[in-house]
Protein chains: 2
Amino acid sequence: MSEPSSLNDTTRLRIRVVFDDDAMLGPGKADLLERIRETGSIAAAGRTMSMSYKRAWSLVEEMNAVFRDPLVVSTRGGRKGGGARLTESGEAILTHYRKLEEIAAEAGAARIGLIKSMLKDIPEGK
Amino acid sequence: MSEPSSLNDTTRLRIRVVFDDDAMLGPGKADLLERIRETGSIAAAGRTMSMSYKRAWSLVEEMNAVFRDPLVVSTRGGRKGGGARLTESGEAILTHYRKLEEIAAEAGAARIGLIKSMLKDIPEGK
């Protein structure tokens with residue numbers, strides 16, 4: 001996934017919402033939700049992230065356990081590899097999380113710029 | 001560090017600034033900087049975080065390698081366990097990072113609230 005891009009232009013935030021010491025929602029789970037929506041399958045979603053079937057399932061189970069309503073439902077076959085889709089709650093959580101990423105990055109842009117300006121390899125005159 | 005507190009009141013953000021695929025600044029490094037400032041020693045700082053001496057040193061080295069000026073300097077003894085302190089750059093990065101955490105949490109509060117409201121165990125009537 002790494003691409004040759006100009007120096008420091010890749011600086012970005014990674015956000016994790018921590019509910020308690022064990023439960024959290026971060027970029028991995030958000031990406032997994034997104035890919036389940038795209039692929040209609042937990043296994044396929046995991047594969048696009050080089051994630052084992054077992055790992056993908058366990059992340060889904062974690063999310064379904066933490067929220068009042070499940071975020072992902074298996075439409076058939078379940079652990080045998082059947083289809084899966086996001087519920088309304090799953091869609092809502094994914095939307096909230098992506099918005100949160102945006103808002104935080106926007107609000108933090110000036111501070112991130114200050115940190116970035118102290119990195120090595122800043123182009124001359126910047 | 002886990003304390004019995006009222007449900008979901010512990011929900012918070014954890015922020016990581018990702019410079020590229022390898023280098024990042026997150027809560028672990030920020031805490032380590034803070035504790036080096038408090039203890040005057042990398043080893044002692046690591047111990048307060050149940051972090052091995054080796055791990056603490058390697059995080060310090062990572063930070064010192066990524067930024068133009070070192071964030072931490074050994075005042076004597078170096079790897080033998082001598083003192084250490086934050087440089088001006090170290091203080092600045094720590095300040096920027098803590099401010100970034102604050103800003104992001106504040107800006108994201110409404111979205112975090114929406115996510116929180118979908119968790120299990122929300123008190124009745126909330």
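Above this text is the structure in question.
Computed from a predicted structure; not experimentally measured.

All right, on to the overall build of chain A then. Helices and strands together make up the secondary structure of chain A, namely five helices and four strands. Its helices and strands taken in sequence order, chain A reads β-β-α-α-α-β-β-α-α from the N to the C terminus. Looking at chain A as a whole, 40% of its 126 residues qualify as buried. Put simply, of all contacts in chain A between residues at least 6 apart along the chain, 48% involve residues at least 24 apart.

Further remarks concern the interface of chain B and chain A. At the interface, 41 residues of chain B touch 40 residues of chain A. Of the roughly 3,800 Å² buried where chain B meets chain A, counting both sides, 64% is carbon and sulfur surface. Among the residues chain B hides against chain A, the three largest losses belong to Arg111, Ile115 and Met118 of chain B. Together they make up 19% of the total. Counting the contacts that link chain B with chain A gives zero salt bridges. Taken together, the connections running from chain B to chain A amount to 14 residue pairs in polar contact (both at pLDDT 80 or more). Among the elements of the structure, β1 (12-18), β2 (24-25), α3 (53-66) and α4 (88-116) of chain B are those that each provide at least two residues to the side of chain B that touches chain A. Grouping the constituent residues of the side of chain B that touches chain A by class yields 23 nonpolar, nine polar and nine charged. Examined bridge by bridge, strand β1 (residues 12-18) of chain A and β1 of chain B share seven bridges and lie antiparallel to one another.

Our next topic: the sheet that holds β1 of chain A. The strands that make up a sheet pair up through hydrogen bonds in the backbone, lying either parallel or antiparallel. Sheet architecture is open: four strands sit in the order β2(A)-β1(A)-β1(B)-β2(B), paired in antiparallel fashion. Sheet topology places β2 (24-25) of chain A together with β2 of chain B at the edges, where each strand pairs with a single neighbour. Two elements, β1 of chain B and β2 of chain B, share two bridges in a ladder whose sense is antiparallel. Among the inter-strand pairings, Val18 of chain B is bridged to a residue of β2 of chain B, identified as Met24 of chain B.

All names here are of chain A. On inspection of all chains with the given rule, the structure shows two aromatic pairs over all chains. Ring geometry for Phe19 versus Phe67: centroids 5.7 Å apart, planes at 85°, classification edge-to-face. You can see Phe19 sitting in the loop between β1 and β2 and its partner Phe67 sitting in the loop between α3 (53-66) and β3 (72-74), a full 48 residues away along the chain. Each member of the pair Phe19 and Phe67 is classed as buried.

About the criteria used
- Numbering of residues begins from 1 in every chain and follows the order in which that chain's sequence is written.
- For naming, the first written chain is A and the first written ligand is 1, with later ones following in the order written.
- For this predicted model, a pLDDT threshold of at least 70 governs which residues receive local features, and a threshold of 80 or more governs which side-chain atom pairs are given and counted, while totals over whole chains, interfaces and linings are taken from all residues.
- Calculation of side-chain values draws on the structure's entire complement of heavy atoms; hydrogens and water are dropped beforehand.
- The helix count covers DSSP runs of H or I at least four residues long, the strand count covers runs of E at least two residues long, and both are numbered beginning at the N terminus.
- Accessibility here uses a 1.4 Å probe with only protein chains present; expressed as a share of the type maximum, an area under 20% marks a residue as buried, one over 50% as exposed, and anything in between as partly exposed.
- Residues count as neighbours in contact if any of their non-hydrogen atoms are within 4.5 Å of one another.
- The term buried area refers to how much accessible surface (probe radius 1.4 Å) is lost by two components on association, counted for both of them together.
- Salt bridge, as used here: a side-chain nitrogen of Lys or Arg that lies within 4 Å of a carboxyl oxygen of Asp or Glu.
- Within 3.5 Å is the distance limit for a polar contact, defined as a pair of N or O atoms, with the added protein rule that one can donate a hydrogen and the other accept it, and that residues adjacent in sequence qualify only through two side-chain atoms.
- Side-chain classes are defined by residue name, with Ala, Val, Leu, Ile, Met, Phe, Trp, Tyr, Cys and Pro counting as nonpolar, Asp, Glu, Lys and Arg as charged, and the others, Gly among them, as polar.
- For two strands to be treated as a pair, DSSP must find at least two bridges joining them.
- Geometry of aromatic contacts follows a simple scheme: Phe, Tyr and Trp rings, the Trp one being its six-membered ring, pair when their centres are within 6.5 Å, and the pair is stacked under 30 degrees between planes, edge-to-face over 60, tilted otherwise.

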